[in-house]
Amino acid sequence: MTLTVASWNVNSVKARLPNVLDWLSEAKPDVACLQEIKTVDEGFPRMEIEDLGYNIETHGQKSYNGVAILSKHPIEELRCGLPGDESDEQARYIEAVIAAEGGPVRVASIYLPNGNPAPGPKYDYKLAWMERLRRHAQNLLTFEEPLILAGDYNCIPRDSDCWDIAEWESDALALPQTRAAFRALKWLGLTEAFEQLDGRGHQYTFYDYQAGRWNKGHGIRIDHLLCSPQAADHLEGIEIHTKTRGKEKASDHIPIVGSFSL
DNA sequence: ATGGTAGTGATACTA
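Residues numbered from 1 in each chain as written. Chains lettered and ligands numbered in written order. Predicted model: local features only at pLDDT ≥ 70, side-chain atom pairs only at ≥ 80, totals over all residues. Heavy atoms only, no water.

Labelled according to an unreviewed UniProt entry, chain A appears under the name Exodeoxyribonuclease III, originating from Maricaulis maris. As its UniProt record puts it under Sequence similarities (unreviewed entry), chain A is described as follows: "Belongs to the DNA repair enzymes AP/ExoA family." (UniProt positions renumbered as here; feature names shortened; annotations may be inferred.)

Structure, rendered in structure tokens:
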């Protein structure tokens with residue numbers, strides 16, 4: 001049995017609804033983690049997406065952020081919000097157990113803070129959020145179950161994940177501290193799916209709307225799937241659906257889809 | 001060095 005788990009920062013689920021429906025109909029992921037839905041829960045276009053056979057859980061926010069999990073299988077054990085700071089009101093984390101046919105799989109949809117400008121309070125928030133994520137992931141790993149942390153990590157892990165690192169080296173997405181915090185996550189025992197199956201050259205998941213980045217091929221790879229050993233052992237493939245970026249009214253991010261024999 | 005674009009929501013702000 002194959003379970004496909006996708007991540008896509010849609011940059012407003014309402015503005016992107018036709019693109020989202022088209023992609024779901026074509027790619028048919030079993031699970032889709034969405035980020036930047038930019039709406040409160042009540043504003044989420046439930047019916048249109050339910051009509052495609054998805055159960056839906058959202059952790060929304062007015063105007064900014066907001067994450068969701070769509071699943072063709074039942075959704076259980078929902079968690080909204082990242083533990084570790086009760087005062088954090090930004091909707092950037094939702095987690096659930098998917099009752100897949102081959103057994104339960106825990107999945108999270110993550111919208112990690114951008115952190116620019118760095119240095120500054122926004123960058124401090126990013127690093128603190130990454131440390132909270134590390135601690136929470138450490139707890140989740142003790143369950144020794146298939147776990148996939150999918151999302152927009154706002155981290156360029158390596159120079160080769162960018163068309164020209166000189167343009168990014170002082171940016172919050174590529175600073176040494178950002179990469180160190182991302183590595184600290186992986187050192188817990190998480191496998192980054194694309195990196196694991198790499199060897200196909202550059203593939204990016206984000207092209208800025210500005211400065212004709214898409215037309216010039218100036219992209220970066222910042223959307224990732226981090227997998228527990230029990231998930232990574234069953235990783236069969238990873239795809240970046242670059243075509244979606246060329247469509248009318250495209251999101252600036254591109255879906256990434258992992259296939260697991262689960 | 002600057003500004004280029006898109007989304008929200010009605011003006012700056014986030015990215």
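Past the structure itself, the notes keep going.
## Focus on the sheet that holds strand 6 (residues 93-100)
The mixed open sheet is built from 6 strands, whose spatial order is 5-6-7-8-10-9. Lying at the two open borders of the sheet, with one neighbouring strand each, are strand 5 (75-80) and strand 9 (191-192). Bridge analysis of strand 6 against strand 7 (residues 103-111) gives 8 bridges, and the strand direction is antiparallel. In the strand pairing of strand 7, Ala96 is matched with Val107. Docked against the sheet, helix 3 (residues 121-141) engages strand 5, strand 6, strand 7 and strand 8 (147-152), running at close to 25° with respect to strand 6. Together, strand 9 and strand 10 (223-227) form the strand contacts of helix 4 (residues 176-187), whose direction differs from that of strand 10 by roughly 30°. (Pairing = 2+ DSSP bridges. Helix = DSSP H or I, 4+ residues; strand = E, 2+ residues; numbered from the N terminus. Contact = heavy atoms within 4.5 Å. Axes fitted to C-alpha atoms, helices over the stretch in contact; angles between N-to-C directions.)

## Side note on the UniProt feature "site: Interaction with DNA substrate" (unreviewed entry) in chain A
According to UniProt, the "site: Interaction with DNA substrate" (unreviewed entry) feature falls on His253. Summarising the element assignment, His253 is placed in the loop between strand 11 (235-240) and strand 12 (256-260). Residue class for His253 comes out buried when judged on its relative accessible area of 4%. At a separation of 3.5 Å, a polar atom in the side chain of His253 contacts the side chain of Asn9. (Buried < 20%, exposed > 50% of the residue type's maximum accessible area, 1.4 Å probe, protein only. Polar contact = N/O pair within 3.5 Å; in protein donor to acceptor, adjacent residues only side chain to side chain.)

## Remarks on the packing of aromatic side chains
A complete count under the given rule lists 5 aromatic pairs for this structure. Centre to centre, the rings of Tyr153 and Phe182 are 5.5 Å apart; their planes meet at 75°, and the pair counts as edge-to-face. In this pair, Tyr153 is assigned in the loop between strand 8 and helix 4 and Phe182 in helix 4, connecting sequence segments 29 residues apart. Phe182 shares its class with Tyr153; the two are buried. Geometrically, the ring pair formed by Tyr207 and Trp214 is edge-to-face, given 4.8 Å between the ring centres and 85° between the ring planes. (Phe/Tyr/Trp six-rings, centres within 6.5 Å; stacked < 30°, edge-to-face > 60°.)

## Observations regarding the pattern of salt bridges
For the structure on display, the rule yields 15 salt bridges. Glu50 is paired through a salt bridge with Arg46; the nearest N and O atoms lie 3.4 Å apart. With a gap of 4 residues between them, Glu50 and Arg46 both fall in helix 2 (residues 46-50), about one helical turn apart. A residue is classified by how much of its surface remains accessible, and Glu50, at 36% relative accessible area, is partly exposed. The salt bridge partner of Glu167 is Arg213, with a shortest N-O separation of 3.6 Å. With Glu167 in the loop between strand 8 and helix 4 and Arg213 in helix 6 (residues 213-216), this residue pair connects regions lying 46 residues apart in the sequence. We classify Glu167 as partly exposed; its relative accessible area is 46%. (Salt bridge = Lys/Arg side-chain N within 4 Å of Asp/Glu carboxyl O.)

## A closer look at the protein's contact with DNA strand B
Ser12, Arg16, Ser63, Lys122 and Gln210 are the nearest of the 16 residues found near DNA strand B. Counting only atoms of DNA strand B within 4 Å of the protein, the fraction found in sugar and phosphate groups is 66%. Measuring from a phosphate oxygen of DNA strand B, one finds a side-chain N or O atom of Arg16 at 3.0 Å. When the residues that make up the surface near DNA strand B are grouped by side-chain class, the tally is 5 nonpolar, 5 polar and 6 charged. (Near = heavy atom within 4 Å. Nonpolar A, V, L, I, M, F, W, Y, C, P; charged D, E, K, R; others polar.)

## Considerations on the side chain of Arg245
Mapped onto the fold, Arg245 is located in the loop between strand 11 and strand 12. Buried and without a salt bridge, Arg245 has Asp252 as its closest oppositely charged side chain, separated by 6.4 Å. Among residues more than four places away in sequence, those in contact with Arg245 are Tyr207, Asp208, Tyr209, Trp214, Ala250, Ser251, Asp252 and Ile254. (Lys, Arg positive; Asp, Glu negative; His and termini not counted.)

## So, the sheet that holds strand 1 (residues 3-9)
Where strands meet in a sheet, backbone hydrogen bonds hold them as pairs that are either parallel or antiparallel. With respect to topology, 6 strands assemble into an open sheet ordered 3-4-2-1-12-11, the strand pairing being mixed. A strand with exactly one partner marks an edge of an open sheet, and here the two such strands are strand 3 (55-59) and strand 11. Between one strand axis and the next, the sheet turns through 15° on average, direction left out of account. Pairing geometry for strand 3 and strand 4 (residues 67-71), over 5 bridges, is antiparallel. Paired with Glu57 across the two strands is Ile69, which belongs to strand 4. Along the sheet, helix 1 (residues 17-27) makes contact with strand 1, strand 2 (31-35), strand 4 and strand 12, crossing strand 1 at roughly 165°.

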